[in-house]
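Here is what each chain is made of, one letter per residue.
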Amino acid sequence: MDRATTVAELRARVRAWRHAGERVGFVPTMGNLHAGHLALVDAAREVCARVVTSVFVNPTQFGPNEDFASYPRTLEEDAALLEARGCDLVFAPTVEAMYPRGTRDHVEVRVPGLTDELCGASRPGHFTGVATVVTKLLNVVAPDVAVFGQKDYQQLLVVRQLVADLALPVDILAVPTVREANGLAMSSRNRYLSAEQRETAGAIYATLRAMAAQVAQGLPIAAIEADGLRRLTEAGLAPDYVALRHADDLSRPADGERRNLVALIAARLGPARLIDNLLIGKDIIAP
Ligand code: PAF
């Protein structure tokens, strides 16, 4: 597996593959890879001859009081995992390589509407940082396919919207969430949890499943959301939001709607802010 740290190195490598007529798949990550990320690499490999994975902890998507400084950086372990998984190239740029003029005055990509609520409300500026770096990474790698996890559902919709609005020539592939045995969605931030907290965090997926069952029973949306908040609080989590939304655009459904929905949760547990979601009445994420 090759490594590139500059945009020029990366472009030279990808250009050679493209000249050889090979399709290029791209998996953007912030590193500290786990089975969830490796499932994204597998999905890229299934549809492309070549796979590029980026490992870049993007400063512009972290708020001033968030965990940018302490975010786990484990490039050597990540590279070993990627190589074993058949990734062809890891792109691990410095902050200076991605933001040569600094992060403050950089052009931003803002996706309106979708980003005002849920995680956007509790993390102001987060999705603008994500949209900006994803646009830049897509321009740098110029892949045929880019793969994102369903776990970050709002992010997935933000990426789909920016790709559509800016007419970027890339297909976005979504991959289902990989979970621990107790249902906890795999996340680099699970590292912040003790063994006991990991058990407690299983309440998030249990609550999402309860919400899906309540939708099937036709309970009112407000009652389902309130019950979800209660379940999480009783389990020892501090919920940020519990929401039932339309899966395509995160708009609010009417009571009695049962299809094409998504249940979403964000909750704090000790030092970690955890997110998860469950599609309801929809099996796959349509492009
Ligand atoms: O999902 C992530 O890890 C990040 O938000 C991403 C897409 C790599 C952008 O920094």
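Computed from a prediction, not measured in an experiment: that's the story for all the values here. (Residues numbered from 1 in each chain as written. Predicted model: local features only at pLDDT ≥ 70, side-chain atom pairs only at ≥ 80, totals over all residues. Heavy atoms only, no water.)

K.L.:
Looking at this model, I keep getting lost on the overall build of the protein. Mind explaining?
P.N.:
Looking only at helices and strands, the protein features 9 helices and 9 strands. Rg of the C-alpha trace for the protein: 19 Å, near the compact-globule value of 19 Å for 287 residues, within the 12% margin. For the protein, the spread of C-alpha atoms along the principal axes amounts to about 55 × 40 × 35 Å. Among the 287 residues that make up the protein, the fraction classed as buried is 54%. (Helix = DSSP H or I, 4+ residues; strand = E, 2+ residues; numbered from the N terminus. Rg over C-alpha atoms; globule rule 2.2 N^0.38 Å. Buried < 20%, exposed > 50% of the residue type's maximum accessible area, 1.4 Å probe, protein only.)

K.L.:
I keep staring at the pattern of salt bridges and nothing clicks. Help me out?
P.N.:
Proximity of charged atoms lets side chains of opposite charge pair with each other. One pass over the structure, following the stated rule, counts 17 salt bridges. With a closest N to O distance of 2.3 Å, Asp2 and Arg13 form a salt bridge. Taken as a pair, Asp2 in strand β1 (residues 2–4) and Arg13 in helix α1 (residues 7–19) lie far apart in primary sequence, 11 residues in all. A salt bridge links Glu22 to Arg50; the shortest N-O distance between them is 2.9 Å. Taken together, the residues span a long stretch of sequence, with Glu22 in the loop between α1 and β2 (24–29) and Arg50 in strand β3 (residues 50–55) at a distance of 28 residues. Under the relative-accessibility criterion, Glu22 is labelled partly exposed at 23%. Its relative accessible area of 24% is what places Arg50 among the partly exposed residues. By sharing partners, the salt bridges in this structure join Asp227, Arg230, Arg231 and Glu234 into a single network. (Salt bridge = Lys/Arg side-chain N within 4 Å of Asp/Glu carboxyl O.)

K.L.:
Looking at this structure, how should I read the side chain of Thr128?
P.N.:
Relative to the helices and strands, Thr128 is located in helix α6 (residues 126–141). Dropping the residues within four chain positions of it, Thr128 is found in contact with Glu108, Val109 and Arg110. (Contact = heavy atoms within 4.5 Å.)

K.L.:
Explain the environment of Ser251 to me, please; I cannot follow it from the model alone.
P.N.:
Looking at the element boundaries, Ser251 is found in the loop between β7 (238–246) and β8 (261–269). What makes Ser251 partly exposed here is its relative accessible area of 28%. Counting along the chain gives 216 residues from Ser251 to Ala35, while the straight-line C-alpha distance between them is 31 Å. Beyond its immediate stretch of four places on either side in the chain, Ser251 contacts Arg245 and His246. Separated by 2.8 Å, the side chains of Ser251 and Asp249 make a polar contact. (Polar contact = N/O pair within 3.5 Å; in protein donor to acceptor, adjacent residues only side chain to side chain.)

K.L.:
Please explain the packing of aromatic side chains as it appears in this structure.
P.N.:
Each aromatic ring pair is described using two quantities: the centre-to-centre distance and the angle formed by the ring planes. Tallied over the entire structure, the rule returns 3 aromatic pairs. Ring geometry for Phe56 against Tyr99: centres 6.4 Å apart, planes inclined by 35°, an arrangement best described as tilted. Of the two residues, Phe56 sits in the loop between β3 and α3 (75–84) while Tyr99 sits in the loop between α4 (95–98) and α5 (119–122), which places them 43 residues apart along the sequence. Judged by its relative accessible area of 5%, Phe56 is buried. Measuring from ring centre to ring centre gives 5.8 Å for Phe62 and Tyr71, while their planes differ by 75°; the resulting arrangement is edge-to-face. Of the residues examined, Phe62 reaches a relative accessible area of 10% and is grouped as buried. Overall, the relative accessible area of 7% leaves Tyr71 in the buried class. Here a set of aromatic residues connected by ring pairs shows up, and it is made of Phe62, Phe68 and Tyr71. (Phe/Tyr/Trp six-rings, centres within 6.5 Å; stacked < 30°, edge-to-face > 60°.)

K.L.:
How should the sheet that holds strand β5 (residues 145–149) be read in this particular structure?
P.N.:
Strand pairs in the sheet, formed through backbone hydrogen bonds, run parallel or antiparallel to each other. Spatial ordering of the open sheet is given by β1-β4-β3-β2-β5-β6, a layout of 6 strands whose pairing is parallel. Only two strands of the sheet have a single neighbouring strand rather than two, namely β1 and β6 (171–175). Recorded for the sheet is a direction-independent mean angle of 25° between the axes of neighbouring strands. Relative to β3, β2 runs parallel, the two sharing 6 bridges. In the sheet register, Pro28 faces β3, and the bridge partner there is Ser54. Helix-sheet contacts for α6 involve β2, β3, β4 (89–91) and β5, and the interaxial angle to β2 is about 150°. The strands that helix α7 (residues 153–165) touches are β5 and β6; relative to β6, the one it contacts most, it runs at about 170°. (Pairing = 2+ DSSP bridges. Axes fitted to C-alpha atoms, helices over the stretch in contact; angles between N-to-C directions.)

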